[in-house]
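What follows is the residue order along each chain.
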Amino acid sequence: REVAAAGHTIGNHGFSHSHLRFKRRSFIEKEITDTSSALCSIAERTTAMFRPPYGDISFSLLHAARSTQHKIVLWTRDTRDWFLPSEWTLQKYLQRTTREGDIILFHDNELTAARLNAYLPKAIESLSAQHFEFSPLSL
């Protein structure tokens, strides 16, 4: 609710975070629709964007996304923050590799959650100092 109220874009990432590459279309559609229902009941809005867990893409996924009226959105820059890079390493990586229009992937999970609050504001500050601007995704 807070994320939605703050005006951030909310996307669908699947209900169980399953690898979808070898799943049936019906399973993938259920993952998408169950998540859409949950987002709608919590954030009171729907989303037209779907990022498959692990970036797994298949023909079944493409058909499921189309049938549920979702656009697949992936990242262009993976921080690999789950691999436990130091804050300094992460900042230097982003400074060297980030380009205009990039979608930067950060993870919020049991490996990264404690550090995310520390390094995400610094990463944003560092990129802002390089004249990058941040904007919501829109389709």
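The structure we're discussing is the one just above.
Residues numbered from 1 in each chain as written. Predicted model: local features only at pLDDT ≥ 70, side-chain atom pairs only at ≥ 80, totals over all residues. Heavy atoms only, no water.

**Section: the overall build of the chain**
- A tally of regular secondary structure across the chain gives five helices and four strands.
- Start at the N end of the chain and walk to the C end: the helices and strands fall as α-α-β-α-β-β-α-β-α.
- For the C-alpha atoms alone, the extent of the chain along its principal axes is close to 45 × 35 × 30 Å.
- Within the chain, the fraction of its 139 residues that count as buried is 31%.
- Put simply, the chain shows about 9300 Å² of open surface, and 55% of that area lies on carbon and sulfur atoms.
- Placing the 17 positive and 15 negative side-chain charges of the chain at their respective mean positions leaves the two points 6 Å apart. (Helix = DSSP H or I, 4+ residues; strand = E, 2+ residues; numbered from the N terminus. Buried < 20%, exposed > 50% of the residue type's maximum accessible area, 1.4 Å probe, protein only. Areas by Shrake-Rupley, 256 points an atom, 1.4 Å probe, with all protein chains shown as cover. Lys, Arg positive; Asp, Glu negative; His and termini not counted. Charge placed at Lys NZ, Arg CZ, Asp CG, Glu CD.)

**Considering the environment of D34**
- Mapped onto the elements of the fold, D34 is located in helix 2 (residues 25–43).
- We classify D34 as partly exposed; its relative accessible area is 26%.

**Quick look at the packing of helix 4 (residues 87–97) against helix 5 (residues 113–129)**
- For the pair helix 4 and helix 5, interaxial distance at closest approach is 10 Å and the crossing angle is 30°. By the angle class used here, helix 4 and helix 5 are roughly parallel. As helix 4 runs across helix 5, the sense of the crossing is right-handed. Where helix 4 abuts helix 5, its residues E87, L90, Q91, L94 and Q95 lie against A118, Y119, K122, A123, S126 and L127.
- Looking at side-chain class alone, the contact of helix 4 with helix 5 contains six nonpolar, three polar and two charged residues. (Axes fitted to C-alpha atoms, helices over the stretch in contact; angles between N-to-C directions. Parallel < 35°, antiparallel > 145°, perpendicular 65-115°, else oblique. Left-handed = near helix turned anticlockwise from the far one by under 90°. Contact = heavy atoms within 4.5 Å. Nonpolar A, V, L, I, M, F, W, Y, C, P; charged D, E, K, R; others polar.)

**With respect to the packing of aromatic side chains**
- Counted under the stated rule, the structure contains two aromatic pairs.
- Summarising the aromatic geometry, the rings of W82 and F83 are spaced 5.8 Å apart at their centres and angled 75° between planes, so their arrangement reads as edge-to-face.
- A relative accessible area of 33% places W82 in the partly exposed class.
- Above the ring of F27, the side-chain terminus of K23 is found at 5.0 Å from the ring centroid.
- Positioned above the aromatic ring of F83 is the side chain of R80, whose terminal nitrogen or guanidinium carbon lies 5.3 Å from the ring centre. (Phe/Tyr/Trp six-rings, centres within 6.5 Å; stacked < 30°, edge-to-face > 60°. Lys NZ or Arg CZ within 6 Å of the ring centre and 35° of its normal.)

**Here's the deal with helix 4**
- Burial in helix 4 covers these residues: L90, L94 and T97. Down the axis, helix 4 shows its buried residues gathered within 90° of arc, on one side only. Helix 4 presents W88 and R96 as exposed residues on the side facing more than 90 degrees away from its buried surface.
- Contact partners of the buried residues in helix 4: strand 3 (77–78), strand 4 (104–105) and helix 5. (Arc of directions from axis to C-beta.)

**Observations regarding helix 2**
- With 19 residues, helix 2 extends 26 Å between its outermost C-alpha atoms, agreeing within 8% with the 27 Å of an ideal straight helix rising 1.5 Å per residue.
- Restricting attention to buried positions, one finds in helix 2 the residues I28, E31, I32, T35, S36, L39 and A43. Angular distribution of buried residues about the axis of helix 2 spans 125°; they occupy a single face of the element. Summarising the geometry of helix 2, the exposed residues directed more than 90 degrees from the buried face are S26 and S41.
- Residues of helix 2 that are buried sit in contact with helix 1 (2–5), strand 1 (49–50) and helix 3 (59–67). (Expected span 1.5 Å × (residues − 1).)

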